[in-house]
Amino acid sequence: MSQPESAIADAQAGGPSDGTPAKGQEPLAELAARHGLRRAIARPSLPAYLRQLWERRHFVMTYATSRNVSKYSNSALGQLWQVLTPLLNAAIYWLMFGLILGASKDIENYPAFLITGMFVFTYTQRSVSGGAKSISGNLSLIRALHFPRAALPLAYTIQEFQQLLISMGVLFALVLATQEAVTWYWLLIPVALLLQTMFNVGASLVLARVGATARDLNQLLPFIMRTWLYASGVFFSIGDKVVDSAGLPQWVADAMYANPAAAYIELMRDLLMQTHEPRPYIWSVCVFWAVFALIGGFWYFWRAEEKYGRG
Amino acid sequence: MAESTEELSRVKAEEPGAPRTDVRVHPAPEPPQAPRTPTVVVDDLHIIYRVYGAATEAEKGNAANALMRLLKRQGRPQMKEVHAVRGVSFVAYHGDAIGIVGRNGSGKSTLLRAIAGLLPPHSGAVYTDGQPSLLGVNAALMRELTGERNIVLGCYAMGLNPQQVREKYDDIVDFSGIGEFVQFPMSTYSSGMGARLRFAIASAKAHDVLLIDEALATGDRDFKRKSQERIKKMREEAGTVFLVAHNLDVIEETCNRVIWLHKGKIKMDGDPKTVLAAYNKG
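Residues numbered from 1 in each chain as written. Chains lettered and ligands numbered in written order. Predicted model: local features only at pLDDT ≥ 70, side-chain atom pairs only at ≥ 80, totals over all residues. Heavy atoms only, no water.

**Some thoughts on the overall build of chain A**
To be explicit about the condition: The helix count covers DSSP runs of H or I at least four residues long, the strand count covers runs of E at least two residues long, and both are numbered beginning at the N terminus. Here the accessible surface of atoms and residues is derived via Shrake-Rupley with a 1.4 Å probe, and residues count as covered only by protein chains that are part of the display.
Within chain A one finds 14 helices and 1 strand. When the accessible area of chain A is evaluated, it comes to approximately 13800 Å², of which 66% is carbon and sulfur surface.

As structure tokens, this is what we get:
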């Protein structure tokens, strides 16, 4: 079932090359064509590629779970760390920004505001950085086995998604503990997470392809991520700081709100916190980024499918 | 669907060589012995690896030098290209068991990976019938996980579905002979046990074109015998087998044709006796 449908790749490769005939009768490419042989490495058409990926869904899921399990397998507390890590993170952020820096004056229920932002942002950040390493860090796997390469960035995102589900449990508990009430809006949370996951998959596919050839990306990525963190209003309200305090024009704030990470953070805050003021068009922005990133990401990644593995 | 792509590639193949459109009407003469069907065609294959961080003594890898190079626009000097396979062409037919011999670094493993479609060619092409697969799943396994989990993970990585995994599971555990150790992490295994489990997983799937890299028959004497029997069985089931080994006895026993690679080129290609005799002379 995993046979490549090579029509497109053949066309891209400019047809068969004129090799020296080994036995002196006819070019090998023609011999191969006459017997219906296909290029060993060829890019399947996009629908065929998606079908192959669907056939490998068990591998993707098992690979993601296995990575999560093996991550904590050497520690004494084991899988408990999946819960402890987000809890400790939340405690540190609250201590740092809530108590010491005092960023919380104008924002109601700052702990919920901060922790929601942090968890939502961490999900996107870790998916994207994982995706950037997913091809370059798995060359031995790519050089040994056959599977649609998109399975790797996808598995990295699913791994982070599994981690996020645990974080969300911690988040719900914290939000309830900080005097928010459960509302009907909570039913929309899975939809928000789905949209964010679509964006994360797309973004990690793009970075997987870039990271496969651009070695310096892993050095650069932490700085990009930190800039993104500050631009997304994780621990401050963009409207307050950018327009009111810094005196920048309103369009700067609007542009920052339109960036995908900020959009998903704001959406989650709207759903979880009654005191939070909803942004206009927030759903449209979130849906746009999800669809745009997913389709664009798959297309961009698939375009180089046969080149992964050269290093 | 298979037919339509075949048609397409046929049409594509004939475009560049316009004067040769008579191929289908008057088929070119086959190799003299018989009308055998080719299963793998390697056409003037070149493979170039990129290796990073291999600076020569003249260009030391410190930051100042790196900056100077950047300013002088000298590109990426730490990146070396290794021309591992340099223009290899041959045709393998159904029923062939081809041994590949050569010194370390002569490009044997690289050639296998290219046939398997895992390494993109720099130029030239590999044409195959069906999907050739490399016998080996080591890269997909995780040392920190138990044998149980690794069996499942390895089977999925090779493309089996859940039902096939359930069917093969007991067989894999039995064949590997690791017993209750299957519940322990692989990092606790002895090297022999690890090798046995890896081979048991890798050989659980049937293949059209089978590529076997050396160093598979590891473990104690009993397991060596068991694994050689299984390779033999897999060879009988597969259409074409490629075998890389340093153990020339194995090649002489199992292959009907030997290719001698030297520095990425074919030095000799023929029946085992002749080639191995020449190879042994150096």
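The structure having been displayed, the exposition proceeds.
**Side note on helix α7 (residues 221-237) of chain B**
Heads up, the condition is: One fewer than the residue count of a helix, multiplied by 1.5 Å, yields its expected span. The contact criterion used is simple: two residues touch if any of their non-hydrogen atoms lie within 4.5 Å.
With 17 residues, α7 of chain B extends 25 Å between its outermost C-alpha atoms, agreeing within 8% with the 24 Å of an ideal straight helix rising 1.5 Å per residue. Close packing links the buried residues of α7 of chain B with α5 (162-176), α6 (191-202) and β6 (209-212) of chain B.

**Points about the nonpolar core**
Quick reminder of the rule: Here, nonpolar core refers to any group of buried Ala, Val, Leu, Ile, Met, Phe, Trp, Tyr and Cys residues whose side-chain atoms link them within 4.5 Å. Burial classification: accessible surface area is computed with a 1.4 Å probe over protein chains only, and a residue below 20% of its type maximum counts as buried, one above 50% as exposed, and the rest as partly exposed.
Within the largest apolar cluster, 76 residues are counted, with the highest numbers of intra-cluster contacts made by Tyr 63 and Leu 145 of chain A. Residues within four places of Leu 145 of chain A in sequence aside, it is in contact with Leu 118, Gly 136, Val 137, Ala 140, Ala 157 and Met 158 of chain B.

**So, the packing of aromatic side chains**
All names here are of chain A. Defined as follows: Here a Phe, Tyr or Trp ring, Trp counted by its six-membered ring, pairs with any other such ring whose centre lies within 6.5 Å, and the pair is stacked when the planes are under 30 degrees apart, edge-to-face when over 60, and tilted otherwise.
Taken as a whole, this structure holds 19 aromatic pairs over all chains when the rule is applied. Their ring planes at 25° and their centres at 6.0 Å tell us that Tyr 110 and Phe 113 sit as a pair that is stacked. With Tyr 110 and Phe 113 both in helix α6 (residues 110-134), this residue pair falls 3 residues apart, about one helical turn. Exposure remark for Tyr 110: the relative accessible area of 4% places this residue in the buried category.

**As for the pattern of salt bridges**
Quick reminder of the rule: A pairing counts as a salt bridge when a side-chain nitrogen of Lys or Arg comes within 4 Å of a carboxyl oxygen of Asp or Glu.
Scanning the entire structure with this criterion turns up 6 salt bridges over all chains. The salt bridge involving Arg 126 of chain A is made with Glu 160 of chain A; its shortest N-O contact spans 3.0 Å. Pair noted here: Arg 126 of chain A is in helix α6 and Glu 160 of chain A is in helix α8 (residues 151-177), with a separation of 34 residues, a long-range link. The closest approach of N and O atoms between Arg 269 of chain A and Glu 266 of chain A, which form a salt bridge, is 3.2 Å. In this pair, Arg 269 of chain A and Glu 266 of chain A both sit in helix α13 (residues 260-272), 3 residues apart, roughly one turn of the helix. Taken together, the shared-partner salt bridges in this structure form one network comprising Asp 96, Arg 257 and Asp 269 of chain B.

**Remarks on the sheet that holds strand β1 (residues 38-51) of chain B**
Stated precisely, the cut-off is as follows: In this analysis, strands are considered paired if DSSP registers two or more bridges between them. Under this scheme, a helix contributes an axis fitted over its contacting stretch, all axes are lines through C-alpha atoms, and angles between N-to-C directions fall in the 0 to 180 degree range.
The sheet built from 4 strands is open, its strands ordered β1(A)-β4(B)-β1(B)-β2(B) with antiparallel pairing. Every interior strand has two partners, whereas the edge strands, β1 (38-39) of chain A together with β2 (80-93) of chain B, have only one. Along the sheet, helix α3 (residues 108-115) of chain B contacts β1, β2 and β4 (123-128) of chain B; its crossing angle with β1 of chain B, the most-contacted strand, is approximately 120°.

**A look at the packing of helix α11 (residues 238-245) of chain A against helix α12 (residues 250-258) of chain A**
Residues and elements named next belong to chain A. In plain terms, the rule: Here is the rule for angles: anything less than 35 degrees is roughly parallel, anything more than 145 is roughly antiparallel, 65 through 115 is roughly perpendicular, and the remaining ranges are oblique. Each crossing gets its hand from how the near helix is turned against the far one by less than a right angle, where anticlockwise is left-handed and clockwise is right-handed. Gly falls in the polar group here, along with every residue not listed as nonpolar (Ala, Val, Leu, Ile, Met, Phe, Trp, Tyr, Cys, Pro) or charged (Asp, Glu, Lys, Arg).
Interaxial distance between α11 and α12 falls to 9 Å at its minimum, and their mutual angle equals 160°. Relative to α12, α11 is oriented roughly antiparallel. Like other packed secondary-structure pairs, α11 and α12 cross with a definite hand, here right-handed. Along the contact surface, α11 presents Ile 238, Gly 239, Val 242 and Val 243, while α12 presents Gln 250, Val 252, Ala 253, Met 256 and Tyr 257. The class makeup of the residues in the contact of α11 with α12 is 7 nonpolar, 2 polar and no charged.

**Observations concerning the sheet that holds strand β9 (residues 265-270) of chain B**
All names here are of chain B. Strand order across the open sheet formed by 6 strands is β5-β6-β7-β3-β8-β9, with mixed pairing between neighbours. A strand with exactly one partner marks an edge of an open sheet, and here the two such strands are β5 (132-134) and β9. Going across the sheet, the axis of each strand differs from the next one's by a mean of 20°, ignoring polarity.

**Quick word on the pairing of β9 of chain B**
Residue and element names in this part refer to chain B. In this structure, strand β8 (residues 257-262) lies alongside β9, joined through 5 bridges in antiparallel fashion. The residue of β9 that forms the bridge with Leu 261 is Ile 266. In sequence, β8 turns back onto β9 through a hairpin of 2 residues, with Lys 263 there showing a positive phi of about 50°.

**So, the confidence of the model for chain B**
What counts is decided by this rule: One confidence number per residue, pLDDT, is output by the predictor and ranges from 0 to 100.
Model confidence for chain B is summarised by a mean pLDDT of 77, while 78% of its residues fall at 70 or above. Counting contacts from residues 1-32 of chain B, a segment whose pLDDT is below 50, to residues more than four positions away or on other chains yields 37 contacts.

**Section: unusual backbone geometry**
Residues and elements named next belong to chain B. Even without being glycine, Asp 44 reaches a positive phi, approximately 45°. Secondary-structure assignment places Asp 44 in strand β1. Since its relative accessible area comes to 23%, Asp 44 is described here as partly exposed. Not every positive phi belongs to a glycine, and Lys 263 is a case in point at roughly 50°.

**Points about the environment of Val 242 of chain A**
With respect to the helices, strands and loops of the structure, Val 242 of chain A is situated in helix α11. Setting aside its immediate chain neighbours within four residues, Val 242 of chain A contacts Gly 247, Leu 248, Val 252, Ala 253 and Met 256 of chain A.

**Observations regarding a nonpolar patch on the surface**
Residue and element names in this part refer to chain A. Quick reminder of the rule: Each patch groups residues whose relative accessible area exceeds 30% and which form no salt bridge, using 9 Å between like charges and 5 Å between nonpolar side chains of Val, Leu, Ile, Met, Phe, Trp and Tyr.
The grouping of Tyr 185, Leu 188, Val 191, Trp 283, Val 287, Val 291 and Ile 295 at the surface amounts to a nonpolar patch, some 600 Å² of accessible area in total. The element that contributes the greatest number of residues to the nonpolar patch is helix α14 (residues 282-302), accounting for 4 residues. Within the secondary structure, Val 291 is located in helix α14. In this structure Val 291 comes out as partly exposed when scored by relative accessible area, which is 36%.

**As for α14 of chain A**
Residues and elements named next belong to chain A. Note the cut-off: The directions considered for the arc are those from the helix axis to the C-beta atoms.
Given a rise of 1.5 Å per residue, 21 residues ought to cover 30 Å, and the 30 Å separating the end C-alpha atoms of α14 matches this to within 8%. Among all positions of α14, only Ile 282, Cys 286, Ala 290, Ala 293, Gly 297, Phe 298, Phe 301 and Trp 302 are buried. Considered in projection along α14, the buried side chains sweep an arc of 130° and stay on one side of the axis. Here the buried face of α14 lies against α3 (46-55), α8, α9 (189-213) and α13.

**Topic: a positive patch on the surface**
Formally: We treat Lys and Arg as the positive residues and Asp and Glu as the negative residues; His and chain ends play no part in the count. To locate a charge, the coordinates of NZ of Lys, CZ of Arg, CG of Asp or CD of Glu are taken.
A contiguous patch of positive charge on the surface is contributed by Arg 86, Arg 103, Lys 263, Lys 265 and Lys 267 of chain B. With respect to the helices, strands and loops of the structure, Lys 265 of chain B is situated in strand β9.

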